[in-house]
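# Summary of the model geometry
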Amino acid sequence: MRIVIAGNGKVGYALAVQLSKEGHDVTVIDNNESILERSQEQLDIMTVLGNGASLETQREASVGDAELFIAATSADEINLLCCILARKLGCKQTVARVRNPAYTEQMRFLKDDLGLSMTVSPDRSSAHAIFRVLQFPSFLKLDSFARGRVELVELSVEEGGALDGIALFNLYEIAKVKLLVCCVDRDGEVIIPRGSFVLKKGDKISVTAATRDLAQLIRNLSITSHRVKNVVICGGSLTAELLAAELIESRINVKILSHNRERCLHLSEALPKAIVLCCDYKDEDLLRSESIGQADAFIALTDYEEDNIVLSLLAERMGAKKAVASVDRAALLPLLQGKGSISIISPKYLAINEILRFVRALDKSSGGSMLTLHSIMEGRAEALEFHVSSDVRHLGEPLSKLPTKKDLLIACITRHGKIIIPNGDDFMLEDDTVVIVTKAGDVIYELNDIFAVG
Amino acid sequence: MNIRAIFHYIGHILRIEALLFLPSIGIAVFRRETSSAYAFLIAFVVTLVAGQCLLFAKPHDRSIHAKESFVIVTLGWIALSIFGCLPFIISGYIPSFVDALFETISGFTTTGSTILTDVEALPYSLLFWRSFTHWIGGMGVLVFMLAIVPQSKGSGDSLHIMRAESPGPQVGKLVPKLRFTARILYAIYLVLTVTEVIMLCAGGMSLFDSLIHSFGSAGTGGFSNMNLSVGHYNNPYFDIVIGVFMMLFGVNFTIYYRILCGNFKDVWKDEELRLYLGIMLGSSLLISLNIMPLFDNNFATAFRHGFFQVSTIMTTTGYSSTDFNLWPEFSRMMLLGLMIVGASAGSTGGGMKVVRVLMLGKSIRGTLQRLLHPNSVKVMRMNGQRVEDGVMHSVYSFLVCYIGVAAVSMLIVSLDNFDTTTTVSAVISCLNNVGPGLNAVGPMENFSSLSALSKLVLSLDMLLGRLEIFPIIMLFSPGLWKRI
């Protein structure tokens, strides 16, 4: 598929990486020459220098022949203008990044007039992801499949906890619900485990289970679970605002800390029920006097990723039951290793995933098309959801007999709305949807790719 | 300071006032009341001539700004009152200038306090004039002028006039053109008044009495042509109709405009309206329970009188369906408190205004939060809109000035050596444009026993209350008269 991306920033670049890896013809437009050069050198893509919202540049990038145009520059208005222009030139589908909530609300109203296929708002996605994490604070991360009926949750193995020292084939006896450990992060290394694998304290594990079993799972694994009632948000970004609004709607007390006075005034106006503090949030005395330690959850959403890491560590030390840090750079993640109560949210990955899901749904050419993809373990592994079509090989054969590639696991099968957490005796049939968990880097475009060659 | 433009505007006001004498002249002629007919005719001619004289001096520059607006509004109201009391003096029914001035200011400011011991002795034309001043003063003479007098093209300065005259901390337009805003307000006002007249007539009240009581409740004034006020009829239907209409006239008129535009959601969510209706209902219930023993423990009758009195006092009208001065102390204190709260901003009522009480309450909450969290930032919101700090400061200053004016007035009135309740309630009643007070100035009494000095002070209080203090204080501020 021919895809043009306007804007080579964080999101634009990451999209180009992933889309070109999935085999699409990608053209990137940006007005910064040095950034384009870097992309040109590292990726197998074409670049065009210029303003994405100008007709000339779009013609040069032959947007008219493209099937998809993605506008991911930093300005909403430019993104919208880009998309209108691309549409006029004959591009079939357009996706725009729109951050300003004032515009998001009118998008439903304008979508047809602007010819937009989809709008993405990284802030809204992250706010929602954090909100979901706070609903199940004992899990580090939640991703849903099969229209929300299956969850892939990340949790950490605590010392002396129910999971410490348990071999995976004995897991059912403890959990009493069907679940499958599909991925383990041990000391920074990602392992797709076999049945004989023994869990150890400090491991982070990814587990698939039916959504309705989650509450029972928490109980049976005697994971300490608390309802989040008081949340402290550090940083006054748009994500913080949207998250706070969502939390307040669920009757959760919210305290927001920001050092920017203008933002504070805005937040206080937009969120009358929140307590907004204008202060230096790195002042430990202040954090103590505002009783951060008593918070059920501490969310670090400042503009500086390093601060987010430090703040979440600090909050955890002071006694906050749960911490969430917004971090995009994978290189920083080892710093949070072994911290069981700190979740990480990457706005960049969330935004990209939303777009990738859309692209894959468009791309019907492959047999057994991919429905969703979630990066797990901070992008070091992936969970992919496929629809099983008739041309998939080895249908009806027990999974234990399948010649699958190494480090790959079938985590879940949905058949006629029924959820099967599979063991070796289960099998795939036509019209099922399956979730595959694999280490990132194994390129899987269609379901047949999971089988070892020859 | 553009003095010529100020005179020009006041000339307009006087010309309008001269025209407002005409209905009374008609009634005097129709009822063959010779002395008052002559009185009105003389007043008409004098006012018209005075107005024309002021208009002869054409200003070179008709543009007016904030400070001119304050002067126009204040001097305009004073001129209006002085010329308005002419018929009372000339006809000889109120020979003393101070008394006549008190009565006229009480009329224009929609207070409804009277110095007359026997209202029913007055001829129809004077009774009509008294109540007509309520109706004109309720929505504002200058707003009326804005509605009919063509403005200098393109100048937005007249909004200052509307701001200075209309009650409430924030005054805005309904439609882009000020003239049409003024017209819409008057149209709503007129329609509501006519509806009330029709409903009272339908209940069997004579047309003249209906007009008097409709003017009185529309302007939230309170002049009646009966010594016993509405209690004279002792008719539940009249109590309910007048009670409900007073309540309606105490609502911000922009609410009606929004209803006309079909914007019901905003209306339902309007914080001031909710608080206004809430206070009214809550106080009615409390007072009804308190006074039940006086009405043979009949809740329906108690509520009828309780609601009527709450409605009349809170909207600062000042009618009475029964002598509430005889009620238990709790109810009397409730009514005294409601006088201070007053009606909604942008209505015809007086008092502090519900919206200011609401803002002050919210600001207390903000202060508490700031004490708990010294770094916290709290933006005050009203109906989802941010309230700017400047508006808030003006509310604080208003409160301080209000208390100061009340304190000084009480001190002066206390020279008459009445009991504390009388002194305090007389000042609160006049400053909030209510009408009756308690004890010696209660609903069945009047203000005639006060000294001339007290009457003048109370007249000034009525003007201060109607124009919300600042325009009048401004007149005495040296800054206003400086050239630069």
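Residues numbered from 1 in each chain as written. Chains lettered and ligands numbered in written order. Predicted model: local features only at pLDDT ≥ 70, side-chain atom pairs only at ≥ 80, totals over all residues. Heavy atoms only, no water.

### Let's talk about the overall build of chain A
Here is the rule: By the criteria applied, helices consist of DSSP H or I runs no shorter than four residues and strands consist of E runs no shorter than two, each listed in order from the N terminus. The atom set for the radius of gyration is the C-alpha atoms, and the globule formula is 2.2 Å times the number of residues raised to the power 0.38. Each residue is assigned to one of three classes by its accessible area relative to the maximum for its type, calculated with a 1.4 Å probe on protein chains only: buried under 20%, partly exposed between the two thresholds, exposed over 50%. Two residues qualify as a contact provided that any one of their heavy atoms is within 4.5 Å of a heavy atom in the partner residue. For the area figures, the Shrake-Rupley method with a 1.4 Å probe applies, and any residue is considered shielded solely by the protein chains shown.
Along the backbone of chain A there are 13 helices and 22 strands. Here the C-alpha radius of gyration of chain A, 23 Å, is about what a compact globule of 454 residues would show, namely 22 Å. By principal-axis analysis of the C-alpha atoms, chain A measures approximately 65 × 65 × 40 Å. A total of 454 residues make up chain A; the buried ones form 57% of that total. Sequence-distant contacts in chain A: of pairs separated by 6 or more residues, those separated by 24 or more amount to 61%. By element, 48% of the accessible surface of chain A is carried by carbon and sulfur atoms, the whole surface being about 19,900 Å².

### Digging into the overall build of chain B
Helix and strand content of chain B: 22 helices and three strands. Here the C-alpha atoms of chain B give a radius of gyration of 22 Å, agreeing with the 23 Å that 2.2 N^0.38 yields for 484 residues. Based on the C-alpha atoms only, the size of chain B along its principal axes is roughly 60 × 60 × 50 Å. Split into buried and exposed, the 484 residues of chain B put 58% on the buried side.

### Considerations on the packing of helix α6 (residues 122-135) of chain A against helix α13 (residues 347-362) of chain A
Residues and elements named next belong to chain A. The condition that has to hold: A fitted line through C-alpha atoms serves as each axis, taken over the contacting stretch for helices, and the angle formed by two N-to-C directions is quoted from 0 to 180°. For classification, angles of less than 35 degrees are called roughly parallel, those exceeding 145 degrees roughly antiparallel, those between 65 and 115 degrees roughly perpendicular, and all remaining angles oblique. In this classification, Asp, Glu, Lys and Arg are treated as charged, Ala, Val, Leu, Ile, Met, Phe, Trp, Tyr, Cys and Pro as nonpolar, and every other residue, Gly included, as polar.
Close contact between α6 and α13 brings their axes to 9 Å; oriented N to C, the two are set at 110°. Considered as vectors, α6 and α13 are oriented roughly perpendicular to each other. Where α6 approaches α13, its residues Pro122, Ser125, Ser126 and Ala129 are matched on the opposing element by Pro347, Leu350, Ala351 and Glu354. Grouping the amino acids of the contact of α6 with α13 by side-chain chemistry returns five nonpolar, two polar and one charged.

### Digging into the interface of chain A and chain B
Put simply, the rule reads: Accessible surface is computed with a 1.4 Å probe, and the buried area is the amount of it that two parts give up when combined, taken over both parts together. Just to be clear on terms, a salt bridge is a Lys or Arg side-chain nitrogen sitting within 4 Å of an Asp or Glu carboxyl oxygen. Counting of polar contacts relies on pairs of N or O atoms within 3.5 Å, with two restrictions inside protein: one atom must be capable of donating a hydrogen and the other of accepting it, and residues adjacent in sequence are counted only when both atoms are side-chain atoms.
Chain A puts 16 residues into the contact, and the matching count from chain B is ten residues. Summed over both partners, the interface of chain A with chain B comes to about 1,100 Å²; 50% of that surface belongs to carbon and sulfur atoms. The interface formed by chain A and chain B includes one salt bridge. Arg386 of chain B is paired through a salt bridge with Glu269 of chain A; the nearest N and O atoms lie 3.2 Å apart. Here chain A and chain B share seven residue pairs in polar contact (both at pLDDT 80 or more) between them. Secondary-structure elements contributing two or more residues to the side of chain A that touches chain B are α10 (261-270) and β14 (275-278) of chain A. If one sorts the elements of the side of chain A that touches chain B by residue count, α10 of chain A sits on top with six residues. Broken down by class, the residue content of the side of chain A that touches chain B amounts to eleven nonpolar, one polar and four charged.

### Description of the domain arrangement of chain A
For an interface, size is often stated in terms of accessible area lost upon the parts coming together. Under the convention used in this document: Domain ranges listed in this record stem from an automatic or a database domain assignment.
Here the domain parsing of chain A yields domain 1 (2-120) and domain 2 (230-320). For domain 1 of chain A versus domain 2 of chain A, the separation of C-alpha centres amounts to 33 Å.

### Focus on a nonpolar patch on the surface
Cut-off, in case you're wondering: Without a salt bridge and with relative accessible area above 30%, a residue can belong to a patch; like charges are then joined within 9 Å and nonpolar side chains (Val, Leu, Ile, Met, Phe, Trp, Tyr) within 5 Å.
Taken together, the side chains of Tyr38, Leu41, Ile42, Val46 and Ile90 of chain B make up a nonpolar region of the molecular surface, amounting to roughly 440 Å² of accessible area. In terms of residue count, the dominant contributor to the nonpolar patch is helix α2 (residues 34-56) of chain B (four residues).

### Observations concerning the packing of helix α6 (residues 124-139) of chain B against helix α10 (residues 207-218) of chain B
Residues and elements named next belong to chain B. Heads up, the rule is: Left-handed describes a crossing in which the near helix is turned anticlockwise from the far one by less than a right angle; the clockwise case is right-handed.
Orientation of α6 relative to α10, taken along the N-to-C sense of each, is 30°, at an axis distance of 7 Å. Here α6 lies roughly parallel to α10, going by the angle between them. As α6 runs across α10, the sense of the crossing is left-handed. Facing Tyr124, Leu127, Phe128, Ser131, Phe132, His134 and Trp135 of α6, the residues of α10 in contact are Phe208, Leu211, Ile212, Phe215, Gly216 and Ala218.

### Things to note about the environment of Leu85 of chain A
By the element assignment, Leu85 of chain A lies in helix α4 (residues 76-89). Those residues within four positions of Leu85 of chain A in sequence are excluded, and the remaining contacts are Ala53, Ser54, Leu55 and Gln58 of chain A.

### Describing α4 of chain A
Residue pairs three or four apart in sequence face the same way in an α-helix, which turns once every 3.6 residues. All names here are of chain A. The condition is simple: The length a helix should cover is 1.5 Å for every residue beyond the first.
In this model α4 runs 20 Å from its N-terminal to its C-terminal C-alpha over 14 residues, within 8% of the 20 Å that 1.5 Å per residue would give. Here the buried face of α4 lies against β1 (2-6), α3 (55-60), β4 (68-71), β5 (93-97) and α5 (101-114). Taken from the residues just after α4, Gly90 is the one with a positive phi, measuring 110°.

### Focus on the sheet that holds strand β3 (residues 46-49) of chain A
All names here are of chain A. Just so we agree on the cut-off: Two strands pair if DSSP finds at least two bridges between them.
On the basis of which strands lie adjacent, the open sheet formed by six strands has the order β3-β2-β1-β4-β5-β6 and parallel pairing. Two strands in the sheet have a free side with no partner beyond their single neighbour: β3 and β6 (118-120). The average undirected angle you get between the axes of adjacent strands in this sheet is 20°. Note: β5 against β6, three bridges, orientation parallel. Bridge assignment links Ala96 to a residue of β6, and that residue is Thr119. Along the sheet, α13 makes contact with β1, β4, β5 and β6, crossing β6 at roughly 160°.

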